[in-house]
Amino acid sequence: MTFETLIVEIRGAVALVTLNRPQALNALNSVVMRELSEAFKTFDTDPAVRAVVLTGSEKAFAAGADIKEMQHVEFAEAYSSDFLAGWAELPNFRKPLIAAVSGFALGGGCELAMMCDFIIASKTARFGQPEITLGIIPGMGGTQRLVRAIGKAKAMDLCLTGRMMDAEEAERSGLVARVVEPGKLIDEALAAAERIAGLSGPSVLMAKEAVNRAFELTLAEGLRFERRLFQALFATEDQKEGMAAFVEKRPPAFKNR
Ligand SMILES: CC(C)=CC(=O)SCCNC(=O)CCNC(=O)[C@H](O)C(C)(C)COP(=O)(O)OP(=O)(O)OC[C@H]1O[C@@H](n2cnc3c(N)ncnc32)[C@H](O)[C@@H]1OP(=O)(O)O
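Residues numbered from 1 in each chain as written. Predicted model: local features only at pLDDT ≥ 70, side-chain atom pairs only at ≥ 80, totals over all residues. Heavy atoms only, no water.

Before going further, it helps to examine the site of the ligand. The environment of the ligand is formed by 25 residues, the closest being Lys 59, Ala 63, Ala 65, Ile 67 and Gly 108. In this structure, an oxygen atom belonging to the ligand sits 2.7 Å away from a main-chain N or O atom of Ala 65. Here a nitrogen atom of the ligand and a backbone polar atom of Ile 67 are 2.9 Å apart. Its free accessible area being 980 Å², the ligand has 66% of it covered by the protein chains. Broken down by secondary-structure element, the contributors of at least two residues to the shell around the ligand are helix H2 (67-70), strand E6 (104-106) and helix H4 (108-115). (Near = heavy atom within 4 Å. Polar contact = N/O pair within 3.5 Å; in protein donor to acceptor, adjacent residues only side chain to side chain. Areas by Shrake-Rupley, 256 points an atom, 1.4 Å probe, with all protein chains shown as cover. Helix = DSSP H or I, 4+ residues; strand = E, 2+ residues; numbered from the N terminus.)

Within the structure shown, the criterion is met by 14 salt bridges. For the salt bridge of Lys 208 with Asp 117, the shortest nitrogen-to-oxygen distance reads 2.9 Å. Residue Lys 208 is located in helix H9 (residues 201-213), and its partner Asp 117 is located in the loop between H4 and strand E7 (118-122); the two are separated by 91 residues in the primary sequence. We classify Lys 208 as buried; its relative accessible area is 14%. Assessed through its relative accessible area of 31%, Asp 117 is described here as partly exposed. Two residues, Arg 163 and Glu 169, come together in a salt bridge whose shortest N-O distance is 2.7 Å. By sharing partners, the salt bridges in this structure join Lys 154, Asp 157, Arg 163 and Glu 169 into a single network. (Salt bridge = Lys/Arg side-chain N within 4 Å of Asp/Glu carboxyl O. Buried < 20%, exposed > 50% of the residue type's maximum accessible area, 1.4 Å probe, protein only.)

We now examine the domain arrangement of the chain. Domain boundaries assigned for the chain yield domain 1 (6-197) and domain 2 (200-248). Using C-alpha coordinates to define each centre, domain 1 is positioned 27 Å away from domain 2. On the domain 2 side, the residues contacting the nine residues of domain 1 number seven residues. Summing both partners gives a buried area of about 650 Å² for domain 1 against domain 2, and 51% of it is carried by carbon and sulfur. Inspection of the region where domain 1 meets domain 2 yields one salt bridge. (Domains from an automatic or database assignment. Contact = heavy atoms within 4.5 Å. Buried area = accessible area lost by both parts, 1.4 Å probe.)

Looking now at the nonpolar core. With 45 residues, the main nonpolar core has Leu 36, Phe 43, Leu 112, Phe 127 and Leu 175 as its most contacted residues. Each residue touching Phe 127, except ones within four places of it in the same chain, is listed here: Val 101, Ala 105, Leu 106, Cys 110, Ile 119, Ala 121, Arg 163, Met 164, Met 165, Ala 170, Leu 175 and Val 176. (Core = buried A, V, L, I, M, F, W, Y, C linked by side-chain atoms within 4.5 Å.)

Time to look at unusual backbone geometry. At Asn 26, a position not held by glycine, the phi torsion is positive, near 60 degrees. Within the secondary structure, Asn 26 sits in the loop between strand E2 (14-19) and helix H1 (30-45). Owing to a relative accessible area of 2%, Asn 26 belongs among the buried residues under this scheme. One non-glycine residue, Leu 84, adopts positive backbone phi at about 80 degrees. Structurally, Leu 84 can be placed in the loop between helix H3 (75-80) and strand E5 (97-101).

Mapping Asn 29 onto the fold places it in the loop between E2 and H1. In terms of polar contacts, Asn 29 uses its side chain to reach the backbone amide nitrogen of Val 31, at 3.1 Å. Ignoring sequence-local partners within four residues, the contact set of Asn 29 consists of Arg 21, Asp 66, Glu 69 and Trp 87.

It is worth spelling out a nonpolar patch on the surface at this point. On the surface, a nonpolar cluster with roughly 380 Å² of combined accessible area is contributed by Ile 132, Ile 137, Met 156 and Leu 160. With a relative accessible area of 57%, Leu 160 lands in the exposed category. (Patch = residues over 30% accessible without salt bridge, like charges linked within 9 Å, V, L, I, M, F, W, Y side chains within 5 Å.)

Structure below.
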C-alpha cells in the first residue's frame, strides 16, 4: 500500500500506520482522511492484519484539522458536503486499533486518538481541543468523546479554554491508558497490539464491540448484549482451546474460530 500522507508497515499480524505530513505537524487534511479510510478498509478485509497501531511523529501525533485547508470554507459548502463526515467512518473499524501518541494531539488530532480503542502516550504527549481559539468548536467528536473519556468538568475546561494537558494529566483523567518513556512508545504499542493479535480473534472483536456499546446502550441493554456475546463464544473452538489450555497448564493455540 502506497500513500502520500501515510506510511504503512506490516509487522507480522500488526499494521503500523504512521501519519506522514511532518511539514504541517501531521495536520489532518482531506487526503489524510481519504487515505486512512482506504487503509482501514483494506485492513478490515485482510485476515492477516489482526491489530493496528496508529502513530505520528515524535513532535506531533497530529496538530489538528488542516487550518490552511479549512480557512476559506463557507457555510453552504461545509453543510452541503457534510464537511468532516468522512472521519465518522474510522470508529466503525472492527479490529483493535491503538493510538501511539507523541507530542501534540490537538483538535482533530486529539479526536483521532479518541477514535482509537485506547491511547498509549509518550511522556512528551500534549492533548487539547484548541478549536475555540480559532473561532470554531471541535468537529470530529471532541465535545462528545472527551466528555465520555474524562467527564464534563475537564472536557469543558479543555473545550472552553483551549488549553493543553500533558501526558500525566491525560492519564490521571482517564484519556490515556498508559504513559511510557519517549523512546519506548512504538515498541510498547506494538507489543500491546501483538499481544492482542495473538488472542482469539472472535473474542477480541466481540470485546471491542461490547465495550463500544457501553456508549450507546442503557445499562440493562448493554448487560444483555454482553451476555449474548459471552454465550455465543461458547460456540467457538477457541473457547474450548483456551479453557483446555488453562486446565492443562499450557499456552493456548487459538485458531480464530
Ligand atoms: C477537527 C476540527 C474541527 C478542527 C481542528 O482540529 S482546528 C486545528 C486545531 N489545532 C490547532 O489549533 C493547533 C495549531 N497548531 C499550533 O498551535 C502550533 O503549530 C503548535 C502549538 C502545535 C506547534 O507550534 P510550533 O511553533 O512548534 O510549530 P509551528 O511553527 O506552529 O508549526 C509548524 C508548521 O506546521 C503548520 N501547522 C501546525 N498545525 C497546523 C494545522 N492544524 N493546520 C495546518 N498547518 C498546521 C504550521 O502552520 C507550520 O507550517 P508553516 O511554517 O508552513 O506555516
